[in-house]
Amino acid sequence: MPDAHWSAPHADAPVSASVSLPGSKSVTNRALVLAALADGPCVVRRALRSRDADLMAGALRALGATLTASAETASSVDYTVTPGPIRGGARIDAGLAGTVMRFVPPVAALADGPVAFDGDPHARKRPMGPILDALRALGARVDGDALPFTVHGPLTGGEVTVDASASSQFVSGLLLTAARFEKGVAVRHAGPPVPSQPHIQMTVHMLRTAGVRVDDHEPDVWRVEPGPIAAREWVVEPDLSNAAPFLAAALVTGGTVTVPGWPLETTQPGDTLRDLLARMGGDVRLESASGGVADLVVSGTGEIAGIDADLREVGELTPTVAALAALAGTPSRLRGIAHLRGHETNRLAALVTEINRLGGDAEETADGLVVRPRPLRGGLFHSYDDHRMATAGAVIGLAVPGVEVENIATTGKTLPEFADMWAAMLGDR
Ligand SMILES: O=C(O)C1=C[C@@H](OP(=O)(O)O)[C@@H](O)[C@H](O)C1
Ligand SMILES: C=C(OP(=O)(O)O)C(=O)O
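Residues numbered from 1 in each chain as written. Chains lettered and ligands numbered in written order. Predicted model: local features only at pLDDT ≥ 70, side-chain atom pairs only at ≥ 80, totals over all residues.

- Within an unreviewed UniProt entry, the label attached to the chain reads 3-phosphoshikimate 1-carboxyvinyltransferase, and the organism entered is Nonomuraea harbinensis.
- Per UniProt, the chain has the following entry under Catalytic activity (unreviewed entry): "3-phosphoshikimate + phosphoenolpyruvate = 5-O-(1-carboxyvinyl)-3-phosphoshikimate + phosphate".
- The record held by UniProt for the chain lists under Subcellular location (unreviewed entry) the comment "Cytoplasm". (UniProt positions renumbered as here; feature names shortened; annotations may be inferred.)

### Comments concerning the site of ligand 2
Phase 1 of the analysis: The immediate surroundings of ligand 2 are formed by Ala97, Gly98, Thr99, Glu316, His343, Glu344, Arg388 and Thr414.
Phase 2 of the analysis: A per-class count over the shell around ligand 2 returns one nonpolar, four polar and three charged.
Phase 3 of the analysis: Counting only domains with at least three residues in the shell around ligand 2, you end up with domain 1 (6-21 + 238-427) and domain 2 (25-226). (Near = placed C-beta within 6 Å. Nonpolar A, V, L, I, M, F, W, Y, C, P; charged D, E, K, R; others polar. Domains from an automatic or database assignment.)

### Concerning the pairing of strand 7 (residues 114-118)
Phase 1 of the analysis: Burial along strand 7 is one-sided: Val115 and Phe117 are buried, and none of Pro114, Ala116 and Asp118, which face the opposite way, are.
Phase 2 of the analysis: Where strand 6 (residues 91-93) and strand 7 come together, three bridges link them in parallel fashion. By the bridge assignment for strand 7, Ile92 is matched with Phe117.
Phase 3 of the analysis: A crossover connection joins strand 6 to the parallel strand 7 through helix 3 (residues 98-108); in handedness this β-α-β unit is right-handed.
Phase 4 of the analysis: Bridge count for strand 7 against strand 9 (residues 149-152) is four bridges, and the pairing is antiparallel. Residue pairing for strand 9: Phe117 is matched across the bridge by Phe149. (Buried ≥ 20, exposed ≤ 12 C-beta atoms within 10 Å, placed from the backbone. Helix = DSSP H or I, 4+ residues; strand = E, 2+ residues; numbered from the N terminus. Pairing = 2+ DSSP bridges. Right-handed = clockwise from strand over helix to strand, strands pointing away.)

### Focus: the site of ligand 1
Phase 1 of the analysis: Around ligand 1, the surrounding shell holds 13 residues, and the nearest of these are Ser26, Ser167, Ser168, Ser196 and His199.
Phase 2 of the analysis: Taken together, the elements giving at least two residues each to the shell around ligand 1 come down to helix 3 and helix 5 (169-178).
Phase 3 of the analysis: Split by residue class, the shell around ligand 1 holds one nonpolar, 11 polar and one charged.
Phase 4 of the analysis: Structurally, the shell around ligand 1 is a two-domain feature, drawing no fewer than three residues from each of domain 1 (6-21 + 238-427) and domain 2 (25-226).

### Concerning the packing of helix 1 (residues 25-36) against helix 6 (residues 197-209)
Between two packed helices, both the angle of their axes relative to each other and the distance between the axes serve to describe the pair.
Phase 1 of the analysis: Direction vectors running N to C along helix 1 and helix 6 enclose 35°, while the axes themselves pass 11 Å from each other. Handedness of the crossing formed by helix 1 with helix 6: right-handed. Note on element contacts: helix 6 touches helix 1 through His199, Met202, Thr203 and Met206, opposite Ser26, Val27, Arg30, Ala31 and Leu34. (Axes fitted to C-alpha atoms, helices over the stretch in contact; angles between N-to-C directions. Left-handed = near helix turned anticlockwise from the far one by under 90°. Contact = placed C-beta atoms within 7 Å.)

### Description of the domain arrangement of the chain
Phase 1 of the analysis: With domains assigned, the chain is organised as domain 1 (6-21 + 238-427) and domain 2 (25-226).
Phase 2 of the analysis: Using C-alpha coordinates to define each centre, domain 1 is positioned 28 Å away from domain 2.
Phase 3 of the analysis: Split by residue class, the side of domain 1 that touches domain 2 holds three nonpolar, eight polar and seven charged.

Dropping the structure here:
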């Protein structure tokens with residue numbers, strides 16, 4: 001049953017709030033994979049609880065790992081993960097989660113029997129061909145070129161060339177499991193530039209933290225030596241990309257939003273918000289640094305500046321940046337994000353349609369968006385089952401009375417408590 005539309009709260013005064021974010025989807029789902037493949041039991045602390053993270057936990061359980069939950073809240077959990085032999089015969093539901101559909105098939109290729117994958121209707125449209133071809137080239141048999149597909153392992157590993165221009169997750173997926181392949185892997189990218197490089201750096205960093213030898217000195221080539229993945233304790237950072245709509249609220253309302261626990265060193269692309277929000281007119285400060293984290297404090301004036309930005313590295317921030325651009329006083333051009341057409345929905349088309357439906361002036365380009373200032377009016381903002389479209393609608397609704405967001409529950413993909421957190425942020429005034 002689709003949810004009733006959510007009336008996006010309109011902010012009639014500057015927001016002043018502190019917002020604590022639950023764990024990063026990207027770190028959680030990497031840590032769970034590495035824990036399930038490790039040489040002993042691991043603890044993953046402050047793991048995200050959300051649809052994508054729960055689907056990953058379910059997938060790894062289906063493949064033979066034991067995950068025991070403790071310290072559980074609505075959006076956070078500590079898992080003790082005990083690896084088991086990877087078993088065939090499983091059916092994996094990837095939902096709409098890129099991390100599940102791209103990170104789990106290489107794990108499944110370690111099994112001695114078939115593993116079947118499927119997902120949401122739109123997930124069947126998300127690009128999968130290059131990673132499935134790579135698994136074939138490395139020795140597995142795969143029936144299908146997109147969801148649904150079945151992986152028949154085992155594979156031996158070795159060298160493979162992949163066009164990862166549609167998703168960095170093709171590279172991350174192969175690397176995460178590669179140490180467990182008999183020959184390891186050498187992945188070479190050939191094609192237009194790979195997006196979301198920080199996410200590949202996150203993969204490489206976490207592999208090295210688990211004692212895996214990774215050579216990434218040559219651009220677009222990643223080599224992983226075969227060997228054990230060390231059991232260890234993982235502590236998941238807050239999700240900095242999910243901080244985006246909350247920090248944007250400071251710019252929209254001319255208020256101040258603080259996110260505690262901001263890591264001073266991180267591979268999360270959300271860290272780029274510090275630069276992007278400053279360029280859009282925010283005052284951005286890291287305060288009270290201690291123990292490797294600080295409070296990120298963003299204040300706005302109520303005036304938003306348009307931006308010309310290449311978002312290729314940080315594509316998942318686009319919906320929030322586009323929402324701010326729709327409220328800005330000067331035009332914006334967002335570039336380097338053609339691959340967003342293969343995300344949870346075609347995000348370029350969705351943003352243009354929904355901004356223009358509210359009276360705005362947005363246009364698709366070959367590799368991004370142009371958004372020009374034009375007064376917006378209330379109306380229905382469709383979310384296309386895309387968590388970040390839903391939160392973009394919430395950002396616009398702060399400034400534009402009468403915005404209704406369709407299916408706000410879709411934020412549960414990575415932030416199940418979004419609507420309550422949004423209300424609390426506004427209630428804090
Ligand atoms: O590896 C990851 O955790 C992610 C990589 C990126 O994917 P793309 O490279 O497909 O954009 C990003 O957009 C996604 O939200 C998470
Ligand atoms: C692109 C995204 O997700 P996924 O991991 O499903 O690719 C996203 O969260 O913005």
